[in-house]
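As a plain string of letters, each chain reads:
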Amino acid sequence: MAEVRVQGLTRLDSLDLKRQFPDAVIAFEEADSADPWHGELATVAVVTITLAGLNALANWLLKDRRKQEVVKTVVITDASGATRTETIRIKLSESTSQPEVVKQLASITQFDSDAMQ
Amino acid sequence: VTEALTRIDLVSNHVAFKEQEHYRALLRGQDLPAETFSGFIHEATHHWCNTSPVVSALAFLYLSVAREALHWLTTGDDSRMDQTLEDLATYEMAVSWMRPLMEGLAQFAEYDVLPDFFEPPQLLSPPLDAAMRHLFHLPRRIASLPDARLAPIFHELADEISAWRLSRQTIDRKSDLLLQPIGSQGSAYLLGYLAVKQLWRNAQRFYAELAHADTFMIFLRKLVFGDFVLISELLDRSQDARQRGLGFGRRLHERLNDIRLMPWDDEVLWSTWEELLMPPQTVGRGGFVLTDAEPFAALDTTELVQQGMRRFHEQFVAAIEPLDLPPGELRSALPADSIGHVLRERYLMWLGDSPASWVSTGRNRGRVLMGRDVVLDDVQLTNASDEGLDALRLDSYLDLYEGYRLTTMAGEKGVFGFAFDSAPSERARSELTRSRLDRHRIAGLIDVLHGLVSNYAVGTNFRELVQIFWGKDGRALLDATYLGFAFDFDDAARDAVALEGLDSIMGNDPDLVRSVAAITLAASARMSPERLCAVSDGLAVGPAEAVERINASWPSGHVPLAAVNADGFLQSAF
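All names here are of chain B. Of note, leucine 477 is situated in helix H19 (residues 462-486). Taking C-alpha positions, leucine 477 is 42 Å from serine 396, a pair spaced 81 residues apart along the chain. Setting aside residues no more than four positions away along its own chain, leucine 477 makes contact with Trp97, Leu246, Gly249 and Arg250.

Below, the structure is given as structure tokens:
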């Protein structure tokens, strides 16, 4: 399955999101312990690219509407295992809708839009 | 996917805070907001632990490996490679042993440490002291008092810190900590935090003074991070890496066990401990600042302590030797005194920098501006000229041991002036004049050294050596060390968390998780359920309901997750 890796989505966020999108699959990866830099608690969330997964991700990105723009660097792994880095940019306003963001994420992750019908 | 995070490098002790806008505002004379408390005290605690003898010894060991990597790179001589890789493997093993404790203490500072409740404190840790000075304006509060009584101020500060801890941001942060996997192969954060917390809960039974989380933090740091027996194991080159790694782990386990059981409580009065813990003392040695270097020893470890001190000193002397590289690009990047400068400034905590400009008002006299704001007025340069001076960089540092904040002014040719928010001692001033104080250069240099060490190990059996160690004996000992202490050897609590996970125990309900996290924070601040409701009214699951639901699923009364004690106060071991 294709996946998207994103930093900042926490385990607590995942519990919140799964209440709304129970089919979303969200796993977590630990930071590299051999890194000579020790940082604050930060894990990388791995969201499986499905309609529920994209909805969950869109919902999370829209969480803080006080910001004017959300910019997130993500790593996308396609079904063949190939990875690429993408930057998600979403202009936020009160009228930014979840379906719009899901559509944008589907385009970035090359998710089959037929599955969204 | 790595984004800007607050982080610290163990070798150089260089901190990179992510909230640079707040630290820049500090340069303008504005206060740090309360929301910086969590990140600030977390990193300050790391910084303080990193200046300890044990972590300093780790830094010396790492730098000796970096020297050998440089020697090999410039001469092709690999005759000392075996010993060097043994050193590197020992370093990595020891860091893995210490990592849960380092993260555990930093989070303990974030979530549990408060200014002394009941009396003017005898002991005050440098991270808490720095947080009170620079985030909660302690000097200003003291100056506004008609008399010299500190107790009311400390009480007020404790309330403010508790209020921040029960904010939605901190409750979410603590919730995420509770949801981390446990076990040495999972996250070091929850494992280390719970180990520190259970040791603290236990320690209060032996010495009432250790009920103060800050005092306990000083105590634990001294006994583990100040232990020259650990250093003796770490730097014992007569043994291979596996023996050194295991020896280090065994000694650490013994020391934590001592802290848990306190076999000395009948013989050693608290006043004796207080004397030992009373520093922060810094010792200037050959122009280098060592903090908390006073050794301590039990009767049966005196010889090992002396051995550890000897090895520490030898490694220190070797570490500060000037580099001797052939002329070329590498020597330009790593001048002879570069490692010395990294070590010389380990005690200073860098907060950040900002562009600024110089406006001359007289001969070698002027003011410094950030944008249009005057941040330093009437600056007189005594050992430098202001000719041609225009664009500047200001860097801000804290000396956690003397308490002052330092601002350096740098032009194209480097640092030419200092300013302080409070007067440092003569000794500190003299140390500073001998330092280069170019943090950008140090950060760049340490990246070069990490790259060199990493390349040095490529194509060798180094990784295999480390993996065999963890696969064979190390992992079991590491788990035994931390998992046992994390649950105070209560198997039911340990198995519930290790096998099910706290998320499952809390029914994967984020509202219950938040409520339990709030209870853990409130319990540490000795609050009742009613007080928690008053301070944090946004909880979807109230404390009473949370306690009831946890009672139904949590198997241990000895290590409570969320409970109310007989006096009506909230109780939690998490």
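Helical geometry: 3.6 residues make up each α-helical turn, so side chains three or four residues apart lie on a common side. Residue and element names in this part refer to chain B. When helix H17 (residues 426-433) is considered as a whole, its buried residues turn out to be Ala428, Glu431 and Leu432. The buried side chains of H17 occupy one side of the element, clustering within an arc of 100° when seen end-on. For H17, the exposed residues lying more than 90 degrees away from the buried face are Glu426 and Thr433.

Looking now at the sheet that holds strand E5 (residues 348-362) of chain B. Residue and element names in this part refer to chain B. With antiparallel pairing, six strands are arranged side by side in an open sheet as E7-E6-E5-E8-E9-E10. Edge positions in the sheet fall to strand E7 (373-380) and strand E10 (414-420), since each has one partner strand and no second. Direction aside, neighbouring strands of the sheet carry axes that sit 35° apart on average. Sheet analysis places strand E9 (residues 405-411) next to E10, joined by six bridges and oriented antiparallel.

A few words on the nonpolar core. Membership of the largest hydrophobic core comes to 180 residues, with the highest contact counts inside it found for Phe40, Phe216, Phe219, Leu220, Val224, Trp554 and Phe574 of chain B. Ranked by residue count, the leading element in this core is helix H4 (residues 81-111) of chain B, at 16 residues. If we skip the residues at most four places from it in the chain, valine 224 of chain B touches Val54, Met98, Leu101, Leu230, Leu252, Arg255, Leu256 and Ile259 of chain B. In this structure, Phe21, Ala45, Ala52 and Ile108 of chain A belong to the second largest nonpolar core, which totals 31 residues.

All right, on to the interface of chain A and chain B then. Between chain A and chain B, the residue contacts involve 25 residues of the former and 37 residues of the latter. In total, chain A and chain B occlude about 2900 Å² of area from one another, counting both sides; carbon and sulfur atoms represent 57% of this. Put simply, chain A and chain B have three salt bridges between them. The tally of links from chain A across to chain B stands at nine residue pairs in polar contact (both at pLDDT 80 or more). Going through the elements one at a time, strand E1 (3-7), helix H1 (11-20), strand E3 (37-39) and strand E5 (69-77) of chain A are the ones with two or more residues in the side of chain A that touches chain B. At five residues, the largest contribution of residues to the side of chain A that touches chain B is made by H1 of chain A. Of the residues contributing to the side of chain A that touches chain B, the split by class is 11 nonpolar, seven polar and seven charged.

Applying the stated criterion across every chain, the model contains 41 salt bridges over all chains. Between arginine 237 of chain B and aspartate 87 of chain B there is a salt bridge whose closest N-O contact spans 2.6 Å. Separated by 150 residues along the polypeptide, arginine 237 of chain B in the loop between helix H11 (228-234) and helix H12 (241-261) and aspartate 87 of chain B in helix H4 bring together distant segments of the chain. Given the relative accessible area of 35%, arginine 237 of chain B is considered partly exposed. When the shortest N-O distance is used, the salt bridge between aspartate 488 of chain B and arginine 260 of chain B registers 2.7 Å. With aspartate 488 of chain B in the loop between H19 and helix H20 (491-500) and arginine 260 of chain B in helix H12, the pair connects residues that are 228 residues apart, well separated along the chain. A residue is classified by how much of its surface remains accessible, and arginine 260 of chain B, at 18% relative accessible area, is buried. By sharing partners, the salt bridges in this structure join Arg19 of chain A together with Asp509, Asp511, Glu545 and Arg549 of chain B into a single network.

All names here are of chain B. The full count for this structure, using the stated rule, is 24 aromatic pairs over all chains. Aromatic side chains phenylalanine 469 and tryptophan 470 sit 4.8 Å apart centroid to centroid with 70° between the ring planes, which places their arrangement in the edge-to-face category. As far as burial versus exposure is concerned, phenylalanine 469 and tryptophan 470 are alike and both buried. Here the aromatic residues Phe108, Trp200, Tyr207, Phe216, Phe219, Trp264, Trp270 and Trp273 are joined through ring pairs into a cluster of three or more. Between lysine 174 and the ring centre of tyrosine 111, over which it is positioned, the NZ or CZ distance is 5.3 Å.

Glancing now at the sheet that holds strand E2 (residues 26-29) of chain A. Residues and elements named next belong to chain A. In space, the five strands of this open sheet follow the order E2-E4-E1-E5-E6, with antiparallel pairing throughout. Each edge of the open sheet carries a strand with a single partner, namely E2 and strand E6 (83-91). Taken over all neighbouring pairs, the strand axes of this sheet differ in orientation by 30° on average, direction set aside. With four bridges joining them, E1 and E5 adopt antiparallel strand pairing. For valine 4, the partnering residue across the bridge sits in E5 and is isoleucine 76. Sheet strands touched by helix H2 (residues 51-61): E1, strand E4 (44-48), E5 and E6. Its angle to E1, the strand with the most contacts, is close to 20°.

This brings us to the packing of H12 of chain B against H19 of chain B. Residues and elements named next belong to chain B. As a packed pair, H12 and H19 sit with axes 10 Å apart at the nearest point and diverge in direction by 10°. Between H12 and H19, the interaxial angle falls into the category roughly parallel. Between H12 and H19, the contacting residues are Arg242, Gly245, Leu246, Gly249, Arg250, Leu252, His253, Leu256, Asn257 and Arg260 on the first element and Phe469, Lys472, Asp473, Leu477, Ala480, Thr481, Tyr482 and Phe485 on the second. In the contact of H12 with H19, the residues fall into eight nonpolar, five polar and five charged.

Conventions and cut-offs
- Residues numbered from 1 in each chain as written.
- Chains lettered and ligands numbered in written order.
- Predicted model: local features only at pLDDT ≥ 70, side-chain atom pairs only at ≥ 80, totals over all residues.
- Heavy atoms only, no water.
- Helix = DSSP H or I, 4+ residues; strand = E, 2+ residues; numbered from the N terminus.
- Contact = heavy atoms within 4.5 Å.
- Buried < 20%, exposed > 50% of the residue type's maximum accessible area, 1.4 Å probe, protein only.
- Arc of directions from axis to C-beta.
- Pairing = 2+ DSSP bridges.
- Axes fitted to C-alpha atoms, helices over the stretch in contact; angles between N-to-C directions.
- Core = buried A, V, L, I, M, F, W, Y, C linked by side-chain atoms within 4.5 Å.
- Buried area = accessible area lost by both parts, 1.4 Å probe.
- Salt bridge = Lys/Arg side-chain N within 4 Å of Asp/Glu carboxyl O.
- Polar contact = N/O pair within 3.5 Å; in protein donor to acceptor, adjacent residues only side chain to side chain.
- Nonpolar A, V, L, I, M, F, W, Y, C, P; charged D, E, K, R; others polar.
- Phe/Tyr/Trp six-rings, centres within 6.5 Å; stacked < 30°, edge-to-face > 60°.
- Lys NZ or Arg CZ within 6 Å of the ring centre and 35° of its normal.
- Parallel < 35°, antiparallel > 145°, perpendicular 65-115°, else oblique.

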